[in-house]
Amino acid sequence: MNNSILRGWLPAAAIGLSALAATPALADTATLTPEILVTAGVAPKPTKEVASSYTIVTAEDIERFQYRTVVDALKQVPGLSVVQSGGAGTVTSVFARGANSNQTLVLLNGQPISDPSAPSGAFNFANLLLDNVERIEVVRGPQSALYGSQAIGGVINIVTKTGAGTPSSTLRLEAGTLGTLNTSGSSGGHVAGVDYFVSLSRQATDGNDITPSRYRFGAPEEKDGNENVSSSVQLGGKLNEALRANVFLQYDDARADTDEDSPGAGLASQGRTKQLSLNGSLAGTFADGRYQPRLTLAYTQYRRHDDNLPDSYSVTDSLANNEGKRFTVNVDNVVRLADWNDASFGAEYRHETFTANGYLSIPDPDPLYSYFSEAQSDASATSYAVYASDHMTFGEGFFVTVSGRFDAPKDFDNQATYTVAPGYYLAATDTKLTLSYGTSFKIPALYERYGFTNTSYGPYVGNPDLKPEKNTGWDIGLEQGILDGALRAGATWFQNRIKDGVVTIYTMSGSTSANADPFKTKGVEAFIEATPFDTLSLRADYTLTLVDAAQISPHLRRPRHLVNGTLGWDATDRLNLGTSLQWVGIYDDVRNGPPYGYRKSRPYTIVNLAGTYKLTESIQLTGKINNLLDRDYEPADGFQAAGIEALAGIAITF
């Protein structure tokens, strides 16, 4: 880390550490089970009392299917379309329930981690590793009443591991056929009154050529590699019988060969992203647990550097530097009013900034046709919010959560959102019926309002007059257990009406952002899972997404049909096997080369196999085959995914 980076980050680190206190707004992960949902509100809730549609990717899932990145895990979540621009480390977007990719809020331990300098505010999932992750929670549908701006399609909350009990450490080494080499080390436990968990991971691959031959125009095939280094520290402990403090820090440094997304832009482009996430909280428990206040401070900083050097394919030379920062303060309170009634309320302060600079050069033998321009922009935004929620249970099985929030963002009208989510669980028949109705919004990204960039198509100029994006959505679901839970099935119908979605429009002089016509999304999320034996589990998910839009751009890359499946088998006491399958149906996409326009993508099927063998109590051998069928497919037009890949590894715990 160079001195300039240290100068930029040390003030924020001092703020977070002076709180000393800082846990995310979560329960200790040591107490979390699949029957508890953290992202249901300020306080975790039993899943049987949650009416919102959700999915939990557990630590067991991560281990069994050997997910190495958050992208791997999210591909198996119903209601999500995960679009990766090629191989490992390339830009990855997630579309939840047909909403735009920038309309899903992403949290790390309950705190927002999107890049304030990102062009649309969409989170890039490419660089999140899983070595320090305990679980991933996905709550679908409008959630702004709990989390504010951006929670239109849903919320994805990544929960990291905490230490507990006797200290132990794990070292992992994994190698693969695409020049892949993954290494990691972690240690966690409880020492002298302090819970700790530390991790250091590196994933690297030579990768594949992410540009298909039809867009290389004779240029030779080349490897597009990726290297990602991630480190994290989490410390926590009791200050006294009533107060607990925690601090969490994560630093990621990722590099990727990206290949630009249009002919003439070059095949020699590279990107580097450095991310710092720091948060801390001081949590109290008073009045025999009936009052639980918490103060949380969080800081996020991104530094992105993208360059495109001239090559045999293109003479274009470009450079872009972006920096985004966010500082957030939350004051939360949970009050147990009665055995059947838990209330929560709180307030939030958020400040975001972004700066960007760079240049674009397109030389030509004739100076009259040469092009060179520089671009620089910066902006900041502040917002305040207050919120409240009440969770009530009645009788044996009826429950309801009512939430409301009032946001006061700078330069925009105040935004009021709410959610009403009742449900009923009948234990005698293992039947759960849920309903959720709510509103949500998203403030346009700073870049969309104030950004300026020169491109080969002309300058992009932000639009400060953009209106907030808004959504009204609802869903209704039924879940039924059969044979004492050995078989379970369910289905949820959802609908959203999104207005003033922000899109890029092109003019004679360049491009800008504008609010689009309203569009609607609706569909079904259905599943069936079976556990015929204690050693065998199967699950299949089907998602139908229908988008009704006057403009084509808001509903690109949302497949109408999506099927996911997993199978887990404990073959012996030592051997565990996992299989995952994904079938992606046809969806609209934009051609990234001539002939320009729109096209229908080809459906594709991806099958992955994973196995773990416990050689001794402290040594595990792992093996995995990605894309077993060696399918040739493009998640997005012009971005080719990797073919078959085999990996083998070893993990030692001591």
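For the structure itself, look to the data block above.
About the cut-offs
Residues numbered from 1 in each chain as written. Predicted model: local features only at pLDDT ≥ 70, side-chain atom pairs only at ≥ 80, totals over all residues. Heavy atoms only, no water. Pairing = 2+ DSSP bridges. Helix = DSSP H or I, 4+ residues; strand = E, 2+ residues; numbered from the N terminus. 1 Å grid on protein atoms, 1.4 Å probe; cavity = no way out; pocket = protein on both sides within 12 Å on 5 of 7 lines; lining within 4 Å. Points joined across faces, edges and corners; volume = space filled by probe spheres on them. Nonpolar A, V, L, I, M, F, W, Y, C, P; charged D, E, K, R; others polar. Buried < 20%, exposed > 50% of the residue type's maximum accessible area, 1.4 Å probe, protein only. Contact = heavy atoms within 4.5 Å. Core = buried A, V, L, I, M, F, W, Y, C linked by side-chain atoms within 4.5 Å. Phe/Tyr/Trp six-rings, centres within 6.5 Å; stacked < 30°, edge-to-face > 60°. Lys NZ or Arg CZ within 6 Å of the ring centre and 35° of its normal. Salt bridge = Lys/Arg side-chain N within 4 Å of Asp/Glu carboxyl O.

Once that is clear, we can look at the sheet that holds strand E8 (residues 133–140). Pairing between the strands of a sheet is mediated by backbone hydrogen bonds and can be parallel or antiparallel. One open sheet accounts for five strands, arranged E3-E8-E9-E6-E7; its pairing is mixed. Unpaired on one side and paired on the other, strand E3 (53–57) and strand E7 (111–112) mark the two borders of the sheet. Pairing geometry for strand E6 (residues 104–108) and E7, over two bridges, is antiparallel. The residue of E7 that forms the bridge with Leu 108 is Gln 111.

Another aspect to go through is empty space enclosed by the protein. Empty space among the atoms becomes apparent when a probe as large as a water molecule is rolled across them. Tallied over the entire structure, the rule returns twelve cavities of 30 Å³ or more. Quantified by volume, the second largest cavity comes out at close to 410 Å³. Where the lining of the second largest cavity is concerned, the elements lending two or more residues are strand E18 (341–362), strand E19 (371–394), strand E20 (398–409), strand E22 (431–442) and helix H5 (446–450). Counting residues per element, the lining of the second largest cavity draws most heavily on E18, at four residues. Classifying every residue of the lining of the second largest cavity gives eleven nonpolar, seven polar and ten charged.

For Tyr 418, the position within the fold is in strand E21 (residues 415–426). Accessibility expressed as a relative area gives 38% for Tyr 418, which makes it partly exposed. A sequence separation of 30 residues divides Tyr 418 from Ala 388, and the C-alpha atoms of the two residues are 9.6 Å apart. Dropping the residues within four chain positions of it, Tyr 418 is found in contact with Ala 145, Ser 403, Gly 404, Tyr 437, Gly 438 and Thr 439.

To continue, consider the nonpolar core. Val 70, Leu 74, Leu 80, Phe 125, Ile 136, Ile 156 and Ile 158 are the most contacted members of the largest nonpolar core, which has 27 residues in total. Secondary-structure elements contributing two or more residues to this core are helix H3 (70–74), strand E4 (80–84), strand E5 (92–96), E6, E8 and strand E9 (154–160). The greatest single-element share of this core, amounting to four residues, is contributed by H3. Setting aside anything within four residues of it in sequence, one finds Leu 80 in contact with Leu 74, Val 94, Phe 95, Ala 96, Val 138, Ile 156 and Leu 562.

With that settled, consider the pairing of strand E28 (residues 511–515). Successive residues of a regular strand alternate their side chains across the two faces of the sheet. In terms of burial, E28 is a largely internal element, four of the five residues being buried. Between strand E27 (residues 502–506) and E28, which pair antiparallel one after the other, the connecting turn spans four residues, and Gly 510 there sits at a positive phi close to 160°.

Glancing now at the packing of aromatic side chains. A complete count under the given rule lists eleven aromatic pairs for this structure. Centre to centre, the rings of Phe 123 and Phe 125 are 4.8 Å apart; their planes meet at 85°, and the pair counts as edge-to-face. There is no split in this pair, since Phe 123 and Phe 125 are both buried. Ring centres 5.4 Å apart and planes at 50° place the aromatic pair Tyr 349 and Tyr 384 in the tilted group. On the criterion of sequence distance, the pair formed by Tyr 349 in strand E18 and Tyr 384 in strand E19 is long-range, its members being 35 residues apart. Members of the aromatic cluster, connected to one another through ring pairs, are Trp 340, Phe 394 and Phe 398. Above the plane of the ring of Tyr 215 lies Arg 214, whose end atom (NZ or CZ) is 4.6 Å from the centre.

With that settled, the discussion passes to unusual backbone geometry. Non-glycine residue Asp 430 carries a positive phi angle of around 55°. Summarising the element assignment, Asp 430 is placed in the loop between E21 and E22. The class of Asp 430 is buried, set by a relative accessible area of 14%. In this model, Asp 630 sits at a positive phi of 55°, which is unusual for a non-glycine residue. Here Asp 630 shows up in the loop between strand E36 (619–626) and strand E37 (645–653).

Let us now look at the pattern of salt bridges. Counted under the stated rule, the structure contains 33 salt bridges. One salt bridge connects Glu 352 with Arg 326, and the closest N-O pair in it is separated by 2.7 Å. Note that Glu 352 is positioned in strand E18 and Arg 326 in strand E17 (residues 317–338), a separation of 26 residues in sequence. Each member of the pair, Glu 352 together with Arg 326, is buried. Among the ionic pairs, Asp 342 bridges to Arg 336, the shortest N-O distance being 3.3 Å. If you follow the salt bridges from partner to partner, you end up with Arg 97, Arg 140, Asp 475 and Glu 525 in one network.

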